[in-house]
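Spelled out from the first residue to the last, the chains are:
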Amino acid sequence: MHILVTGGAGFIGSHLVDLHLQRGDQVHVVDDLSTGVRANLAAHEDDPNFRFDEADILTWDRLDRAVCWADRIYHLAAVVGVYRVLAEPTKVLATNIAGCERLLRAAHAGSWKPQVVIASSSEVYGHNDEDILREDQDLSVSTRAGTRWGYSVSKIADEALGLSYAQRFGIPAVIARFFNTVGPRQVGRYGMVVPRFVAQAVRNEPITVFGGGLQTRSFCDARDTVVALDALAQRADRNTLIANVGNDREISILELAQLVIERAGSRSPIHHVPLREAYGEDFEDIRRRRPSLARLRSLTGFEHKYTLERTIDDLIAIE
Ligand code: NAD
């Protein structure tokens, strides 16, 4: 297959590149290296099936050709991470929405309609009191309850764009709502909780828990995420679908801190940092975020290979 990955030098994108090159597919990556790094792709630099272009998805002049070449496109290029999202809100909207529109327009312009996999997010569910988040939930409820920031709005817009191009122009779209994804190559500097805890624990520095730590999350290893994505894309074929992609094991941030300390054999104490201090502005954290995986499982039979303990152990070994 011919695979185009936008944002392929990033955390999740680089694992997708690994998966498809290992399978013998040809992979073309476009990335502006704003948060992604070439080192994530170092293993493939000499692979004749691999091609890399450093470019901004908003202005890349080879986009049309690359899209025409592709059988499947994973659109991951986006401005992500709490700190960047708070510091550069207009850039988030510009990159995330216009980037998706430009890509879909290019897919529409060609005679061959590639399959487009759009990286959406659990952020579309907003502040939400449901114990488990299902794809068929009415998003206008989460929108009324208050999405957290432009990032969430940008992902809702990307989903709407994907569905619109699918309905109007027959471009098959897989909309994957990623829940918290963790694993090797995730950069900690923008506040990603697991790499930050691991780095602190390995150095026996205080583990900084933002807020009370009773908020819960469900963490999925990126190496599982990309297998699930590929399985969904295969299953969807020329159809359009929306599915949660994540892990439904739930853990509080405080329990996560304790687990990392235990796995690292660390002497780190736990320090609570008020949310305002951590993010530099008033901030209401999401209380709970757990995906329903019924749709993913029924469509693909997907099973996770990586437990949270295994992911943490791998991160400790790399640190
Ligand atoms: P990442 O920052 O590692 O990946 C994003 C990549 O996009 C980076 O390599 C970056 O350099 C690139 N990029 C940004 N702007 C670009 C532009 N204008 N042109 C070209 N490339 C550009 O983050 P990630 O965690 O791998 O996220 C990948 C996708 O998954 C994103 O769309 C993100 O919104 C989504 N997502 C991630 C998570 C998660 O937990 N990591 C959760 C929900 C959704």
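Above: the structure in question.
Residues numbered from 1 in each chain as written. Predicted model: local features only at pLDDT ≥ 70, side-chain atom pairs only at ≥ 80, totals over all residues. Heavy atoms only, no water.

Undergrad: Give a description of the sheet that holds strand β3 (residues 50-54) that names residues and reports values.
TA: As a general point, the strands of a sheet are linked pairwise by backbone hydrogen bonds and lie either parallel or antiparallel. Here we have seven strands laid out as an open sheet, ordered β3-β2-β1-β4-β5-β6-β11, and parallel in their pairing. This sheet does not close on itself; its edge strands, each paired only once, are β3 and β11 (241-245). On average, each strand axis in the sheet is tilted by 20 degrees relative to the strand beside it, whichever way the strands run. Here strand β6 (residues 173-178) pairs with β11 via five bridges, running parallel. Counterpart to I175 in the pairing with β11 is I242. Across the face of the sheet, helix α6 (residues 150-169) comes into contact with β5 (115-121), β6 and β11 while running at roughly 155 degrees to β5. The sheet contacts of helix α8 (residues 222-236) involve β4 (72-75), β5, β6 and β11, and relative to β11 the element is tilted by about 160 degrees. (Pairing = 2+ DSSP bridges. Helix = DSSP H or I, 4+ residues; strand = E, 2+ residues; numbered from the N terminus. Axes fitted to C-alpha atoms, helices over the stretch in contact; angles between N-to-C directions. Contact = heavy atoms within 4.5 Å.)

Undergrad: Tell me about the packing of aromatic side chains, residues and numbers included.
TA: As enumerated under the stated definition, the model contains two aromatic pairs in all. When the centroid spacing of 6.0 Å and the interplanar angle of 40 degrees are considered together, the rings of Y125 and F179 count as tilted. Note that Y125 is positioned in the loop between β5 and α5 (139-146) and F179 in the loop between β6 and β7 (181-182), a separation of 54 residues in sequence. With respect to class, Y125 is no different from F179; both count as buried. Here Y165 and F169 contribute two aromatic rings whose centre-to-centre distance is 5.4 Å and whose plane-to-plane angle is 55 degrees, an arrangement assigned as tilted. Within this pair, Y165 and its partner F169 are both found in helix α6, separated by four residues, close to a single helical turn. Judged by its relative accessible area of 25%, F169 is partly exposed. (Phe/Tyr/Trp six-rings, centres within 6.5 Å; stacked < 30°, edge-to-face > 60°. Buried < 20%, exposed > 50% of the residue type's maximum accessible area, 1.4 Å probe, protein only.)

Undergrad: Report on the nonpolar core, specifying residues and quantitative values.
TA: Considering soluble globular proteins, one finds that nonpolar side chains tend to be buried as a cluster. Counting 34 residues, the largest nonpolar core has V5, V17, V29, Y74 and L229 as the members making the most contacts within it. In terms of residue count, the dominant contributor to this core is α8 (seven residues). Those residues in contact with V17 that lie beyond four places of it in its chain are V5, G8, V27, V29, L41, H44 and F50. Grouped together as the second largest cluster of nonpolar side chains are 23 residues, L4, C100, L161 and Y165 included. (Core = buried A, V, L, I, M, F, W, Y, C linked by side-chain atoms within 4.5 Å.)

Undergrad: Explain the side chain of H20 residue by residue, including any values.
TA: Assignment of secondary structure puts H20 in helix α1 (residues 11-22). By relative accessible area, H20 is classed as buried at 0%. Filtering out sequence-adjacent residues up to four positions away, H20 remains in contact with I3, D25, V27, R72, Y74 and D230.

Undergrad: Outline the pattern of salt bridges, listing residues and values.
TA: Under the counting rule described, the total for this entry stands at 18 salt bridges. Across the pair R23 and D230 runs a salt bridge whose closest N-O atoms are separated by 2.7 Å. Highlighted residues: R23 in the loop between α1 and β2 (26-31) and D230 in helix α8, separated in sequence by 207 residues. Residue classification places D230 among the buried residues on the basis of a relative accessible area of 4%. Note that E159 is salt-bridged to R177, the shortest N-O span being 2.8 Å. Placement of E159 in helix α6 and of R177 in strand β6 is noted, with a sequence separation of 18 residues between them. Considered together, E159 and R177 belong to a single accessibility category, that of buried residues. (Salt bridge = Lys/Arg side-chain N within 4 Å of Asp/Glu carboxyl O.)

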